[in-house]
Amino acid sequence: MTKKTVTEQYPDTQPDLPPRTRGVIGLFEENCTVCMLCARECPDWCIYIDSHKETVPAATPGGRERSRNVLDRFAIDFSLCMYCGICIEVCPFDALFWSPEFEYAETDIHELTHERDKLREWMWTVPAPPALDPAAEEPKEIAAARKTADKLAATQAAEAAEAAEAAEVAEAAQPNLTEASPITPVDPAEPPEGQS
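Predicted model, so just to flag it, every value in this text is computed and none were measured.

A. Region of interest: the pattern of salt bridges. The tally for this structure, following the rule as stated, stands at five salt bridges. Close ionic contact of E54 with R68 constitutes a salt bridge, the shortest N to O distance being 3.8 Å. With E54 in strand β2 (residues 47-56) and R68 in strand β3 (residues 66-77), this pair connects stretches of sequence that are 14 residues apart. Residue E54 is classed as partly exposed on the basis of its relative accessible area, which comes to 34%. Among the ionic pairs, E121 bridges to K118, the shortest N-O distance being 3.6 Å. Taken together, the residues E121 and K118, both in helix α3 (residues 116-123) and three residues apart, mark about one turn of the helix. When its relative accessible area of 47% is taken as the criterion, E121 is described as partly exposed.

B. Representation of the pairing of strand β1 (residues 24-27). Of the two faces of β1, the one lined by V24 and G26 and the one lined by I25 and L27 are each fully buried. The sheet contact formed by β1 and strand β4 (residues 96-99) spans four bridges and is antiparallel. Paired with I25 across the bridge in β4 is W98.

C. Quick peek at the side chain of D77. Tracing the chain through its elements places D77 in strand β3. No salt bridge is formed by the buried D77; its nearest oppositely charged neighbour, R73, is found at 8.4 Å.

D. Examining the pairing of β3 more closely. As paired strands, β2 and β3 are joined by ten bridges and run antiparallel to one another. The residue bridging H52 from the neighbouring strand is V70, located in β3. One ladder, built from two bridges, connects β3 with strand β5 (residues 113-114); its direction is antiparallel. Bridged to I76 within β5 is H114.

E. Summary view of the state of the cysteines. Under the criterion given, the structure shown has zero disulfides. C42 forms no disulfide, and the closest cysteine sulfur to it belongs to C46, at a distance of 3.6 Å. With relative accessibility at 9%, the residue C42 sits in the buried group. Here C81 is not cross-linked by a disulfide; its sulfur's nearest cysteine counterpart is in C46, at 4.5 Å.

F. Region of the structure containing a nonpolar patch on the surface. Residues Y10, L17 and F102 make up a contiguous nonpolar surface patch of roughly 270 Å² in combined accessible area. Within the secondary structure, Y10 sits in the segment before β1.

G. Seen up close, the side chain of T21. As for its position among the elements, T21 is in the segment before β1. Accessibility expressed as a relative area gives 17% for T21, which makes it buried. Here the side chain of T21 touches P18 through a polar contact of 2.5 Å, landing on its backbone oxygen. With residues near it in sequence (within four places) discarded, T21 still touches W98, S99 and P100.

Rules and cut-offs
Sequence order as written defines the numbering, with residues in each chain counted from 1. Where totals are concerned, whole chains, interfaces and linings use all residues; where local detail is concerned, this predicted model gives features only for residues with pLDDT of at least 70, and gives and counts side-chain atom pairs only at 80 or more. As a rule here, side-chain values cover all heavy atoms of the structure and leave hydrogens and water aside. Between Lys or Arg on one side and Asp or Glu on the other, a salt bridge is scored when a side-chain nitrogen of the former is within 4 Å of a carboxyl oxygen of the latter. Helix and strand assignments follow DSSP, with helices taken as H or I runs no shorter than four residues and strands as E runs no shorter than two, numbered in order from the N terminus. Buried means the residue's accessible area, taken with a 1.4 Å probe over protein chains only, is under 20% of the maximum for its type, while exposed means over 50%, and partly exposed covers the values in between. We treat two strands as partners when DSSP finds at least two bridges between them. In summary, the charge assignment counts Lys and Arg as positive and Asp and Glu as negative, without counting His or the chain termini. In what follows, a disulfide is any cysteine sulfur pair within 2.5 Å. Patch membership is restricted to residues that have no salt bridge and whose relative accessible area is over 30%. Joining uses 9 Å for like charges and 5 Å for the nonpolar side chains Val, Leu, Ile, Met, Phe, Trp and Tyr. Note that accessible areas follow from Shrake-Rupley with a 1.4 Å probe, and for residues the cover is restricted to the protein chains shown. Whenever two N or O atoms come within 3.5 Å, that pair is a polar contact, provided that in protein one can donate a hydrogen and the other can accept it, and provided that, for residues adjacent in sequence, both atoms are side-chain atoms. Any pair of residues with heavy atoms lying within 4.5 Å of one another is described as a contacting pair.

If you want it as structure tokens, here you go:
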């Protein structure tokens, strides 16, 4: 009430949206395991997923073959979607994200069903997550990775120290030719001592 009203000149000026804007849903295909949790939990049944199984050969000799799901189709019907975000919350592998994109209006309602290529395009408009609280604990995964890296660095430093010590011992064990008594050259014109 204390500020003057300002009209935003859209579409000439793009609105300044908050980072948590619920525009559309972006799909990070590499993380999707076709577990179907998003489609099962969706209250509007607006997510359509098709997949097939592929056999993966054994990683080691004598191992058994495994089968995995391969994503064929991932589509969201935004004419039905109520933007509740349940699909994003239940995804166990972080394959779905909110994008602030909002300019996807269509003249035909059937064109509001967007396939995985369009959902992947929207994935690159997802803003970066907010920075962690500096006083917060480090995530367990990062702490475990840091501990492993520190242990590996300590092992490598110990091996380098041992190699340097072994090189010093080997160098000390060799005869030092620079400190030996100098050899005087013999002039062939002069006869050796004791001969005339």
